[in-house]
Structures are given as C-alpha cells and as structure tokens.
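Examination of the molecular architecture
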Amino acid sequence: MKYFQPEIETMSREKIRELQNERLLKQVRHVWDNVAYYKAKMQEKGLSPDDIKSIDDLYKLPFLTKDDLRKAYPYGLMGKPLKDCVRIQSTSGTTGQRVVAFYTMHDIKIWETMCARAIVAAGGSPEDVVQVSYGYGLFTGGPGLNGGSHMLGSLTIPASSGNTDRQIMFIKDLQATILCCTPSYAAFIGERMKEMGMTPDDIPLKAGIFGAEAWSEEMRRDIEATMGIKAYDIYGLTELCGPGVSFECSEQRGMHINEDYFIPEIIDPKTGEVLPEGSLGELVFTTLDKEAFPLLRYRTRDITTLTHEKCSCGRTHVRMTKLRGRSDDMLIIRGVNVFPSQIETVLINQGYGSNYQIIVDRVNNTDTLDVRVEMTPEKFTDNLGEINKMQAMLVDGLRSMLGLKAKVTLVAPKTIARSEGKAVRVIDKRKI
Ligand code: DLL
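Residues numbered from 1 in each chain as written. Predicted model: local features only at pLDDT ≥ 70, side-chain atom pairs only at ≥ 80, totals over all residues. Heavy atoms only, no water.

1. A look at the environment of Thr-286
Applied cut-off: Secondary structure follows DSSP: runs of H or I at least 4 residues long count as helices, runs of E at least 2 residues long count as strands, and numbering of each begins at the N terminus. Under the scheme applied here, a residue whose accessible area is under 20% of the maximum for its type counts as buried, over 50% as exposed, and between as partly exposed, the area being computed with a 1.4 Å probe on protein chains only. Note on contacts: a residue pair qualifies if any of its non-hydrogen atoms lie within 4.5 Å across the two residues. By the criterion applied in these results, polar contacts are pairs of N or O atoms within 3.5 Å in which, for protein atoms, one can donate a hydrogen and the other can accept it, and in which residues neighboring in sequence qualify only through two side-chain atoms.
For Thr-286, the location among the structural elements is in strand β11 (residues 281-287). Classification of Thr-286 by relative accessible area gives buried; the value is 0%. When the C-alpha positions of Thr-286 and Ser-354 are compared, they lie 34 Å apart, and in sequence the two are 68 residues distant. Apart from the residues lying within four places of it in its own chain, the contact partners of Thr-286 are Leu-24, Leu-58, Tyr-261, Phe-262, Ile-263, Glu-265, Leu-295, Leu-296 and Arg-297. In terms of polar contacts, Thr-286 uses its side chain to reach the backbone amide nitrogen of Arg-297, at 3.0 Å.

2. Comments concerning the pattern of salt bridges
Once the charged atoms of two side chains with opposite charge are near each other, the side chains can pair. Condition: Salt bridge, as used here, is a side-chain nitrogen of Lys or Arg placed within 4 Å of a carboxyl oxygen of Asp or Glu.
Within this structure, the stated rule accounts for 30 salt bridges. Salt-bridge contacts for Arg-29 lead to Asp-50; the nearest nitrogen and oxygen are separated by 3.6 Å. Note that Arg-29 is positioned in helix α2 (residues 13-34) and Asp-50 in the loop between α3 (36-44) and α4 (66-72), a separation of 21 residues in sequence.

3. A few points about the site of the ligand
To keep things clear, this is the line we draw: We call a residue near a molecule or strand when any one of its heavy atoms sits within 4 Å of it. For accessible areas, the Shrake-Rupley method is used with a probe of radius 1.4 Å. Any residue's cover is judged against the shown protein chains and nothing else. Just so you know the grouping, Ala, Val, Leu, Ile, Met, Phe, Trp, Tyr, Cys and Pro go in nonpolar, Asp, Glu, Lys and Arg go in charged, and all remaining residues, Gly too, go in polar.
Lining the immediate environment of the ligand, one finds 20 residues, of which Asp-233, Ile-234, Thr-238, Asp-302 and Lys-422 sit closest. For the ligand, a nitrogen atom lies 3.1 Å from a polar atom in the backbone of Ala-212. In the environment of the ligand, a nitrogen atom lies 2.8 Å from a nitrogen or oxygen atom belonging to the side chain of Asp-233. Compared with its free state, where it exposes 610 Å², the ligand has 95% of that area covered by protein. For the shell around the ligand, the leading source of residues is strand β7 (residues 230-237), giving five residues. In the shell around the ligand, the residues fall into nine nonpolar, six polar and five charged.

4. Observations concerning the environment of Ser-216
Within the secondary structure, Ser-216 sits in the loop between β6 (207-211) and α9 (217-227). On the basis of relative accessibility, which here comes to 7%, the residue Ser-216 falls in the buried class. Taking the C-alpha atoms as reference, Ser-216 lies 9.1 Å from Ile-348; in sequence the two are 132 residues apart. Once residues within four sequence positions are removed from consideration, Ser-216 is found in contact with Lys-322, Glu-344, Thr-345 and Ile-348. Of the polar contacts made by the side chain of Ser-216, one reaches the side chain of Glu-344; its length is 2.7 Å.

5. Description of α3
Along an α-helix, residues three or four positions apart point the same way, because every turn accommodates 3.6 residues. Formally: Here the arc refers to the set of directions running from the helix axis out to each C-beta atom.
The set of residues buried in α3 consists of Tyr-38, Lys-41 and Met-42. An end-on view of α3 places all buried positions within 100° of arc, on one side of the element. Turned more than 90 degrees off the buried face of α3, the exposed positions are Ala-36 and Glu-44. In this structure, the buried residues of α3 make contact with α2 and α4. At the C-terminal side of α3, Gly-46 shows a positive phi close to 70°.

6. Some points on the nonpolar core
Our working definition: We define the nonpolar core as a collection of buried residues of types Ala, Val, Leu, Ile, Met, Phe, Trp, Tyr and Cys that are connected through side-chain atoms lying within 4.5 Å of one another.
Counting residues in hydrophobic clusters, the biggest one holds 69 residues, and the most contacted among them are Leu-61, Tyr-235 and Phe-262. In terms of residue count, the dominant contributor to this core is helix α5 (residues 105-121) (10 residues). Sequence-distant contacts of Leu-61, defined by excluding residues within four places in its chain, comprise Val-28, Tyr-38, Met-42, Lys-45, Leu-47, Ile-52, Leu-296 and Arg-297.

7. Topic: the packing of aromatic side chains
The geometry of an aromatic ring pair comes down to the distance between the two centres and the angle between the two planes. Just so we agree on the cut-off: When the centres of two rings from Phe, Tyr and Trp lie within 6.5 Å, Trp using its six-membered ring, the rings pair. Their planes under 30 degrees apart give stacked, over 60 give edge-to-face, and anything left gives tilted.
Following the criterion strictly, the structure yields eight aromatic pairs and no others. Pairing Phe-102 with Phe-293 gives two aromatic rings, centres 6.1 Å apart and planes at 55°, and the pair type is tilted. Highlighted residues: Phe-102 in strand β2 (residues 100-103) and Phe-293 in the loop between β11 and β12 (298-304), separated in sequence by 191 residues. Each member of the pair, Phe-102 as well as Phe-293, carries the same accessibility label: buried. The interplanar angle of 70° and the centroid separation of 5.9 Å between the aromatic rings of Phe-210 and Trp-215 together place this pair among those described as edge-to-face.

8. Here we look at unusual backbone geometry
The residue after Tyr-73, namely Pro-74, is reached through a cis peptide bond having omega -5°. Mapping Pro-74 onto the fold places it in the loop between α4 and β1 (87-90). A positive phi angle, near 65°, is found at Asn-365, a position not held by glycine. Mapped onto the elements, Asn-365 comes out in the loop between β17 (356-363) and β18 (366-374). Positive phi is not limited to glycine here, since Lys-414 has a value of about 65°. With respect to the helices and strands, the residue Lys-414 is situated in the loop between β19 (407-411) and β20 (426-428). Under the relative-accessibility criterion, Lys-414 is labelled exposed at 51%.

In structure tokens:
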C-alpha cells in the first residue's frame, strides 16, 4: 500500500491550488459568519470576505497569534456551537498558555484521515499492528494516532506512555510492527531494550512514527540502529488538530503538509512579511476545512523552510524541513542564538545518547551555559583524567558548533530523568 488516498496525495499542483482556492473562500466565509473575534480583526483592516478571492489575497488577512488564543480563551474562536462539538483536546501548557481546541465529528474525521496517511507513508497497512505509546487524554498524540490506525484498519494497541517494560513486552508478545511515541520515549524504550539484553532481531518492529518535539538526524540514526527500524517524523499542533498536519514519507527528507486541509506560509517572525520559497522563517497555517476551530493565518512560532521540489515518493504536497525547534525554544546566550538541537548534534556525534540537560543562568551579568551529559554504559569510566579529557572534547565540539564556551559536566549513566512524553531539556534560570 503506497498511499492512503492516492487521488489526493498525488494530485497535480494545479488541482491542489483549485481545491485550496475553493476551500479558502468557504473557510473565510465560515469564520466571518461565526467567529466574531476574527471578524472584528478583519474589520479593523477594512476587509470583508469579498476581498479574498483566491490564495493570492491570503496575505491581506490578519494573523492570529498565541496571544489571540489567550485572549479568546476558551470559546472565543469557535466556529460552531458547543452542542455540535464532540471533543476537546488541550496542550499541557508547559511553554505558557494552555490551548484548548474543539472538534466536530467532521473535524475528528479529517484529523484521523491525516494520521492514517502518515501511517501508510511510514509503510503501514491494515496488516500492521500499531502500538500507540503517545500519551492519551487531553494530549493529542494518543487519540490522533489511535484514530488514524483505526481508520486504516490496522490492529491498534492503545498502550499510552509509561510502564516501559510492559511496552517492550507488548511489542514482543503482540507482534507490534509500528511504534508511535515521542522520539525521547523511543530512545528510552531502546535503551531499556538494550539493558534487557535484547537486539533488533528480538522484536518485530519495522517502523516508528515519532514527533511532538524536535529531534536531530543523529538521534534518528541512533533509534533506528537500536530498534532495527526506519524512524519517521510527524508534526502537528493542538490548535490545528494534533499530529498529522505533516508527515514524512520513505524519502525521510521533509514532511508533506496535508495541503487539502491547510495552506502553509513562511514569514519573517520579526516583520510578518511573507518570505519566498526556501527561506527559513516562521510557519503560518490557514485551515481549509475546519468546522469547530477554524484558524486563519495562525502563527505557530515553529521555524522551518518549505520546498515544492518533486518527491520521489510521488506525493505532490509541499514539504517542510525537520524543525530545528520553536522560535521560543531558541536560547540567546551572550547574544548568540542557540538551539538545543545543535547541542544534541554535538553530543551524539561524539557517541553520547540523547540524555542531557542544558542549564542557563546569569552570573555577574554574564550568561552561563552548563551542559550536563550522561555517559553511556559503553563510555562510562570513573578515571578522572579520562573524564576531563572527554569533557574537554565536548567543550571543543560545542565551541565550534555554537561559537560559545560552555561548561560540560559528565554524569553517570541513568542519572538524568527520562521522559515518557516530551522531554524537558532546558532549564533557564534567568527567567525565574
Ligand atoms: O505535539 C501534536 C503531536 C503529537 C505532534 C504527536 C506529533 C506527534 P502540541 O502539544 O500542541 O501538539 O505541541 C505542538 O510541538 O508547535 C512544535 O513546536 C512541536 N512539535 C510537534 N511535532 C514536532 C516535530 C503536538 N515533529 C508543538 N518536530 C509544535 C519538532 C514538533 N517539533
């Protein structure tokens, strides 16, 4: 099975544009008629739905930001009355304001369709056994992939996250072929497998669908080798539905955005100006077929690039590159922009795992960067001279990657807390 919906996933660019134009006009009208908050924003700019005749007019529409979501919390952006809604999902609110999103039955169906497309793109079919080890509940990871797997007709194990030994037992005993969880949890499961003396040959897994947080190519290779699988990236956010907004195919070179449901744009995060294809900038989405929670030009704060370059998988939908992190993940240390993923790349290149912690502080008006890194069992030593040498190598690696001097402390294996969901790797004491 190559595609879940071949006619849509491989549609010609002209047809995609036609479909987007048609749906955009309807979505703008729906918002104007039902979302007073956004209607007021349009009126402030002197706009009415008649001013939006095609995608070419999209730039005229005002942006929606996380701040708007906060102001309109909880019901102010709804496009349907509550009685027509069947579900609420929410973010954990770790990076600030909690987001609450609403779904009609139609919205759930399109969300699950996108997740089914993602599973097929990762080599899945109704023959597969899909173990969903994302958290269930308000977090969208579990319910989204669970729904996608059902829609595809795969046997679904709603394992949820946690109880890692049981996860491994299920994979083995229930013959799971596809694992869905955060990349940090996948790394943790892999680590535990190794400890239990298991090799990839002991488990039937062939693929993993990992997302919800930034992860490096090096971490991907690590997980792939430990589990003997192909690891696919999946992206999404609660505001738009959850996982499945975009997903990787066998090429593993960027995630196809479901363009029949969303129009993506890349803007300059400072000026709001739309940037040409290939530029690195903030990702903005306009929903095209949402009933309960339609969002026009929603600023995600995620930083990426878009490419329409032909993909050998045959899918025609635009791709976004792997995220380096969110614009609000980016640390500014002594004036230098630092993404945690850059630090991770240095660590993994020198043979460490993805268990690390970044501690930023300000001492005597100067920012300090401390990186605590766990030694792997293979690298573990209690010889101080050796440890000093290893630390110095990491300091060098970080200096050439970031242009910054960091302090590195190596710690014993298993001393940094593992994550079953999204890992919290940065502790910025300057904000406290
Ligand atoms: O994390 C939805 C999701 C669940 C996606 C399961 C993939 C898999 P939120 O909790 O609302 O939703 O967080 C959304 O997480 O704006 C990104 O900053 C980040 N994010 C999501 N997927 C990726 C990814 C879910 N593949 C926020 N790579 C987004 C990097 C990601 N960051």
